Amino acid sequence: MASFETRLFINNEFVDAKSGEYLTVYNPVDDSLVSDKISSAGEADVDAAVAAAKAAFKGDWGKTDPTVRAKKMRQFADMIREKAEEIAGLDTKTMGSAIGTQAMGYGVCADLFDYYAGLADKIHGETSYPTSAGKYKITQREPIGVCSGIGAWNVSAVLFGWKAAPALAAGNTFLYKPSEKAPLGTLALGALIKEVFPPGVINIVNGGGKTGQLMAAHMEIRQIAFTGSTATGRKIQEHAAKSNLKRVSLELGGKSPSVIFEDANLNLAVEKSMEGILANTGQICAMASRVFVQESISDKFIEGLADGFKKVSSGDAIGDPTLKTTHIGPIADKKQYERVMELIEVGKAEGKLVTGGVRRGKDGLYVEPTIFKQTPNTSRIVQEEVFGPVVTVHTFKTEEEAIEMANDTVFGLSACVYTESISRALRVTRQIEAGTIAVNDWYFPGPDTPFGGIKQSGYGREGGLEGLIEYLQTKTIQININTTT
Ligand code: TXE
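Note that the coordinates shown come from a computational prediction; the quantities given were computed from them, not determined experimentally.

Rules used in this analysis
Residues numbered from 1 in each chain as written. Predicted model: local features only at pLDDT ≥ 70, side-chain atom pairs only at ≥ 80, totals over all residues. Heavy atoms only, no water. Helix = DSSP H or I, 4+ residues; strand = E, 2+ residues; numbered from the N terminus. Buried < 20%, exposed > 50% of the residue type's maximum accessible area, 1.4 Å probe, protein only. Polar contact = N/O pair within 3.5 Å; in protein donor to acceptor, adjacent residues only side chain to side chain. Contact = heavy atoms within 4.5 Å. Pairing = 2+ DSSP bridges. Right-handed = clockwise from strand over helix to strand, strands pointing away. Axes fitted to C-alpha atoms, helices over the stretch in contact; angles between N-to-C directions. Core = buried A, V, L, I, M, F, W, Y, C linked by side-chain atoms within 4.5 Å. Domains from an automatic or database assignment. Near = heavy atom within 4 Å. 1 Å grid on protein atoms, 1.4 Å probe; cavity = no way out; pocket = protein on both sides within 12 Å on 5 of 7 lines; lining within 4 Å. Sits in = over half its atoms within 2 Å of the grid points. UniProt positions renumbered as here; feature names shortened; annotations may be inferred. Expected span 1.5 Å × (residues − 1). Phe/Tyr/Trp six-rings, centres within 6.5 Å; stacked < 30°, edge-to-face > 60°.

Novice: What is the right way to read the side chain of E399 from this model?
Specialist: For E399, the location among the structural elements is in helix α14 (residues 399-406). By relative accessible area, which is 11% here, E399 ends up buried. At a separation of 3.2 Å, a polar atom in the side chain of E399 contacts the side chain of R424. Polar contacts involving the side chain of E399 include one to the side chain of R427, which spans 2.7 Å. With sequence-adjacent residues up to four places away left out, E399 is seen in contact with F261, R424, R427 and V428.

Next up, the structure:
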């Protein structure tokens, strides 16, 4: 008997998929089978979930006072916090990320529900002073209806919270599909959802690209928020355009630069770069995967980073992801592992390997933290998202050169700048093309500020007030006050 839920969560019930199709998931620690009986939603299942969400929107939930919605969201947040570690274990089991990282993800998910609960009763409109013609105008922000989200596997809980929490705060109902690589944790939230929300308010269906496509093309879904690869983002936009022109927001990863100037605190730059490269085994969209160091300090920086990486490779920080002492687990699955190793081979052929570049141990999909230097900017390892513990380090002479190199990418999600000069920090952050930038730090998104990219990292924002506005539509009402004739 499986000790976790494998069915679809529709209308507050766990139900078998009508499709009769299943997903199979293996544990990347030892390639053991986790389950080959995870229900995968087909057309009739997606239709049922959408119908439940639509009925909930037209019914109770759509009529619920914002303060009541907020109360339920806070209750849900508390329940997630209580179960965080237990549920996180399900994601660790399927995609190998360290339990501490995944449990923190559920904590962030709870914070997102608390944050957006606080905004639920602060959705106000505007009035404009009547013109001489007697036109009085009111602008109000309204929910959209059935909203949806498709997530990646790296931090499932955060990706769910970023989408579901603002959707509910705005008064919408919601359908979510987690990634087929990490289908169990989010699904387990169904048991908590059932205790708090009316039927149909949040529905969760599992499935692969086919299920995602059904959602993107669905005529009754009014909005879709996506986190994943650029290639899939393009498809989602296409399906939305070809169906009902649903609203789309896309978070498509990055190849974020970290620019380190010679006046920076070098130890801090090394320490924060390690965090930015190795967190969640390098499987984070905002990871600082291209480091640009001013020539005069580059040898010292590379030496410091390589020492840090070697310590990680030889110590307890890498290993069994179910242990609290572990920070780096295996790569999520065989396909991802092969992609990381393929790009490492490109790095070896086109650049100079400083450290790592090999599988760690015989069992499990572990990759040693890896540094390359002297890789040309045109190399695939510099231009493509590796999504593993791999960094390329480059050197620059001038500020102008650093900015040009940092911007030489199709992505624009995040960036870091290290300098003790406030004026340089402001000058450089202004010119770097990215949706989020950290100074003397690695960028870690919080619930209260917008996160998202520019260029081919996508569009739309998650978090903060902007994240709520994505789930609202504006209606302007014009009233003629000159009704006496
Ligand atoms: O992504 P996919 P994958 C990058 C990262 C990684 C690569 C591939 O570089 O190596 O993408 O990862 C659903 N219509 N990022 O294969 O395929 C799919 O079921 C609708 C960066 O996991 O984009 C899953 O739920 N949906 C990223 C989700 O899309 C479709 C995080 C993501 O899968 C679909 C993850 C379709 N046609 C990977 N095809 C980031 N932004 O951080 C697939 N899906």
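Novice: Help me understand the pairing of strand β11 (residues 247-251) in this model?
Specialist: Two faces belong to every sheet, and in a regular strand the side chains alternate between them. Burial analysis of β11 places four of its five residues in the buried class, which makes it a mostly covered element. Across five bridges, strand β10 (residues 223-227) lies against β11 in parallel orientation. Within β11, the residue paired with Q223 across the bridge is R247. Regarding topology, helix α9 (residues 230-242) serves as the crossover connection from β10 to the parallel β11, and that connection is right-handed. Taken together, the two bridges between β11 and strand β19 (residues 458-459) define a ladder with antiparallel strand orientation.

Novice: Before we go on, may I ask you to explain the sheet that holds strand β5 (residues 126-128) in this structure?
Specialist: Taken together, the three strands give an open sheet; going across it, the order is β5-β6-β20, and neighbouring strands pair in antiparallel fashion. Of all the strands in the sheet, just β5 and β20 (472-480) have a single pairing partner and so form its edges. If you compare each strand with its neighbour and ignore which way they point, the axes differ by 20° on average. Sheet analysis places strand β6 (residues 135-143) next to β20, joined by nine bridges and oriented antiparallel. Bridge pairing links R141 to T474 in β20.

Novice: Just to check I follow, could you spell out the nonpolar core for this structure?
Specialist: When a protein is soluble and globular, its nonpolar side chains tend to lie buried together. Core analysis: the largest hydrophobic core is formed by 90 residues, its most contacted members being F113, F160, F197 and F301. With 12 residues, the single largest contributor to this core is helix α4 (residues 99-120). Per-domain counts for this core show at least three residues from each of domain 1 (8-252 + 453-476) and domain 2 (257-439). Setting aside anything within four residues of it in sequence, one finds F197 in contact with N12, W61, K72, M73, F76, L168 and I202. In this structure, L175, A216, L250 and L252 belong to the second largest nonpolar core, which totals 23 residues.

Novice: I would appreciate a short explanation of the site of the ligand in the present structure.
Specialist: Taken together, 29 residues surround the ligand, and among them G151, W153, K177, E180 and S229 come closest. Within the backbone of G151, a nitrogen or oxygen atom sits 2.8 Å from an oxygen atom of the ligand. The contact in question runs from a nitrogen atom of the ligand to an N or O atom on the backbone of G228, over 3.2 Å. Here the ligand is seated within the largest pocket. Mapped onto the shell around the ligand, the elements with two or more residues apiece are α8 (209-216), β10, α9 and α12 (334-350). Composition of the shell around the ligand by domain shows at least three residues from each of domain 1 (8-252 + 453-476) and domain 2 (257-439).

Novice: I would appreciate a short explanation of the UniProt feature "domain: Aldehyde dehydrogenase" (unreviewed entry) in the protein chain in the present structure.
Specialist: The UniProt record annotates "domain: Aldehyde dehydrogenase" (unreviewed entry) at residues 14-477. Helix makes up 42% of residues 14-477 and strand 20%, with an end-to-end C-alpha separation of 42 Å.

Novice: Would you take a moment to explain α12 for this structure?
Specialist: Because each turn of an α-helix spans 3.6 residues, side chains separated by three or four positions end up pointing in the same direction. Taking 1.5 Å of rise per residue, 17 residues should cover 24 Å, and α12 covers 24 Å from first to last C-alpha, within 8% of that figure. Within α12 the residues assigned to the buried category are Q336, Y337, V340, M341, L343, I344, V346 and G347. Where the residues of α12 are buried, they touch β14 (352-355), β15 (370-373), α13 (380-383) and β16 (390-396).

Novice: Looking at this model, I keep getting lost on the packing of aromatic side chains. Mind explaining?
Specialist: For any pair of aromatic rings, the description rests on two quantities: the centre-to-centre distance and the angle between the ring planes. As enumerated under the stated definition, the model contains 14 aromatic pairs in all. Between F76 and F197, the aromatic rings sit 5.3 Å apart at their centres with planes inclined by 70°, giving edge-to-face as the arrangement. Residue F76 is found in helix α3 (residues 66-95), and its partner F197 is found in the loop between α7 (190-196) and β9 (202-204); the two are separated by 121 residues along the sequence. Note on accessibility: F76 and F197 belong to one class, buried. On the numbers, 5.3 Å between centres and 75° between planes, the contact of F261 with F396 is edge-to-face.

Novice: What's the story with the pairing of strand β3 (residues 21-27) in this structure? I'm lost.
Specialist: The pairing of β3 with strand β4 (residues 32-40) spans six bridges and is classified as antiparallel. Bridge pairing in β4 places L23 opposite I38. The antiparallel pairing of β3 with β4 creates a hairpin that spans four residues between the two strands, and D31 there sits at a positive phi of about 65°.

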